[in-house]
Amino acid sequence: MWKSSTISCLTKDGLRIGATTNHRTIELSSLIKEKYPVLVDMEENLASIQTRNWGTIGGNLCHGDPAGDPGPVFMALNGSVKLASKQKTRTLPLDEFFIDYFETALEEGELLCEVQLPPIPIRTAVAYEKFNIVKNDQGIVSVAAAISLKDDGLGCKDARIVLGAAAPAPMRARDAEKMLIGEKISKGLLEKVAEKASEEADPVADIHASEEYRRYLVGTLTKKMVKKAWEEVKTLAK
Ligand SMILES: Cc1cc2nc3c(=O)[nH]c(=O)nc-3n(C[C@H](O)[C@H](O)[C@H](O)COP(=O)(O)OP(=O)(O)OC[C@H]3O[C@@H](n4cnc5c(N)ncnc54)[C@H](O)[C@@H]3O)c2cc1C
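Rules behind the numbers
- Residues numbered from 1 in each chain as written.
- Predicted model: local features only at pLDDT ≥ 70, side-chain atom pairs only at ≥ 80, totals over all residues.
- Heavy atoms only, no water.
- Core = buried A, V, L, I, M, F, W, Y, C linked by side-chain atoms within 4.5 Å.
- Buried < 20%, exposed > 50% of the residue type's maximum accessible area, 1.4 Å probe, protein only.
- Contact = heavy atoms within 4.5 Å.
- Near = heavy atom within 4 Å.
- Polar contact = N/O pair within 3.5 Å; in protein donor to acceptor, adjacent residues only side chain to side chain.
- Areas by Shrake-Rupley, 256 points an atom, 1.4 Å probe, with all protein chains shown as cover.
- Helix = DSSP H or I, 4+ residues; strand = E, 2+ residues; numbered from the N terminus.
- Nonpolar A, V, L, I, M, F, W, Y, C, P; charged D, E, K, R; others polar.
- Pairing = 2+ DSSP bridges.
- Phe/Tyr/Trp six-rings, centres within 6.5 Å; stacked < 30°, edge-to-face > 60°.
- Salt bridge = Lys/Arg side-chain N within 4 Å of Asp/Glu carboxyl O.

Q: I'm lost on the nonpolar core in this one. Help?
A: Within soluble globular proteins, side chains that are nonpolar tend to cluster in buried spots. Within the largest apolar cluster, 36 residues are counted, with the highest numbers of intra-cluster contacts made by Ile17, Leu39 and Phe97. Excluding residues that lie within four positions of it along the chain, phenylalanine 97 makes contacts with Leu61, Cys62, Val81, Leu83, Leu92, Glu103, Thr104, Ala105, Leu106 and Leu112. Among the nonpolar cores identified, the runner-up in size contains 33 residues, and Val141, Val143, Met225 and Val233 belong to it.

Below you can see the structure in the form of structure tokens.
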């Protein structure tokens, strides 16, 4: 029987993570390590072990914190959430789940039941990093990048770049993504993509960082994550 703290993975359907699964369970799942290693990397740097032992994936997403780690990674993985109320059940892409600062698309009486991730397409790599001052603290800015390689193994077939803590809610840097499609990734292109992502960001200033500094970090991390995913996918394709 499916329980809300269950993780299951089928080759065809991908991964389902029940809403009450805690961070530590995701971190230690051998299934996730094998199929979605970026999630393990993300969890290992999310808060302390104590926090990971009680914090749930459903609570994390529904809290709607723009600096939450799982949101951008799930979005880069093209994930969805299953939402249910007494009246209806619906599935919503995570791209549409985060609305504003601590605001999500949950309607009154709705619960998040599970996160659903499709299988990672072949010749695709995903990378995530947050910049923080104190290790494992929430990110001042974070970036997740997923890069898919064309069948010829040369150009970029698809790209998803997701920014965390760089706007009131996690966001795709869609114009920056478009610049990568069909292209071979070079140093010059990476610079332009990073600049575009930092223009697209809509950061707020707070006690942790100014708007300008966040834009700078978006550029730096975008360059780093796109390069990391690109290099990894080129290795996979060999
Ligand atoms: C010290 C500390 C450090 C942290 N550091 C990080 C970090 O580095 N990165 C990061 O991403 N997170 C971080 N967090 C967040 C933490 O990891 C939890 O994921 C988060 O606090 C949610 O906790 P919870 O599962 O107890 O949810 P709750 O606090 O119980 O719930 C949060 C909100 O979501 C609602 N809710 C919960 N579950 C559901 C559901 N299934 N359906 C609908 N609504 C629901 C609740 O009603 C509430 O409004 C940190 C938290 C603390 C306290």
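Q: Explanation requested: the site of the ligand in the structure shown.
A: His23, Thr56, Asn60, Asp69 and Leu112 are the nearest of the 23 residues found near the ligand. Measuring from an oxygen atom of the ligand, one finds a backbone N or O atom of alanine 47 at 3.5 Å. The separation between a nitrogen atom of the ligand and a polar main-chain atom of leucine 112 is 2.9 Å. For the ligand, whose accessible area on its own is 970 Å², the fraction buried by protein is 61%. Per element, the largest residue contribution to the shell around the ligand is five residues, and it comes from helix H5 (residues 57-63). Looking at side-chain class alone, the shell around the ligand contains nine nonpolar, eleven polar and three charged residues.

Q: Help me out: how do you make sense of the pairing of strand E8 (residues 124-131) in this one?
A: Side-chain direction in a regular strand flips from residue to residue, so the side chains alternate between the two faces of the sheet. The buried fraction of E8 amounts to six of the eight residues, a majority that puts the element mostly inside the structure. Looking at chain direction, E8 and strand E9 (residues 141-149) are connected through eight bridges and run antiparallel. Paired with lysine 130 across the strands is serine 142, a residue of E9.

Q: Before we go on, may I ask you to explain the environment of glutamate 43 in this structure?
A: With respect to the secondary-structure elements, glutamate 43 resides in helix H3 (residues 37-44). Here the alpha-carbon distance between glutamate 43 and glutamine 116, two residues 73 residues apart in the chain, equals 17 Å. When near neighbours in sequence (up to four residues on either side) are disregarded, glutamate 43 contacts His23, Ile26, Glu27, Arg52 and Ile57.

Q: Explain the packing of aromatic side chains here, please?
A: One pair of aromatic rings is described through two measures. These are the centre distance and the angle between the planes. Summed over the entire model, instances satisfying the criterion amount to four aromatic pairs. When the centroid spacing of 5.3 Å and the interplanar angle of 80° are considered together, the rings of phenylalanine 97 and phenylalanine 98 count as edge-to-face. For the pair phenylalanine 131 and tyrosine 213, a centre-to-centre distance of 6.4 Å together with 85° between the ring planes defines the contact as edge-to-face. Of this pair, phenylalanine 131 sits in strand E8 while tyrosine 213 sits in helix H9 (residues 211-237), placing them 82 residues apart in sequence. For tyrosine 213, a relative accessible area of 33% corresponds to the partly exposed category. One aromatic cluster is present, built from ring pairs that chain together Phe131, Tyr213 and Tyr216.

Q: What exactly am I supposed to notice about the side chain of threonine 21 here?
A: Within the fold, threonine 21 resides in the loop between strand E2 (14-18) and helix H1 (23-28). Among all residues touching threonine 21, those that are not within four sequence positions of it are Ser4, Ser5, Thr6, Ile7, Ile26, Gly55, Thr56 and Ile57.

Q: In this structure, what is going on with the pattern of salt bridges? I would like to understand it.
A: A side chain with one charge may pair with a side chain of the opposite charge, provided their charged atoms come close. Evaluation of the coordinates by the stated rule reveals 20 salt bridges. For the salt bridge of glutamate 27 with arginine 24, the shortest nitrogen-to-oxygen distance reads 3.0 Å. Residue glutamate 27 and its partner arginine 24 are located together in helix H1, separated by three residues, close to a single helical turn. Among the residues examined, glutamate 27 registers a relative accessible area of 9% and is labelled buried. Residue aspartate 69 is joined to lysine 130 by a salt bridge in which the shortest nitrogen-to-oxygen separation is 2.8 Å.

Q: Honestly, the environment of proline 70 in this entry has me stumped. Any pointers?
A: Mapped onto the elements, proline 70 comes out in helix H6 (residues 70-76). Overall, proline 70 belongs to the buried group, its relative accessible area being 0%. Spatially, the C-alpha atom of proline 70 lies 10.0 Å from that of proline 170, the residues being 100 residues apart in sequence. Setting aside chain neighbours within four positions, we find proline 70 in contact with His23, Met42, Leu46, Ile57, Asn60 and Leu61.

Q: How should the pairing of E2 be read in this particular structure?
A: Most of E2 sits inside the fold, with four of its five residues counted as buried. Note: E2 against strand E7 (residues 111-117), four bridges, orientation antiparallel. By the bridge assignment for E7, leucine 15 is matched with leucine 117.

By themselves, these observations are geometric and do not establish any function.
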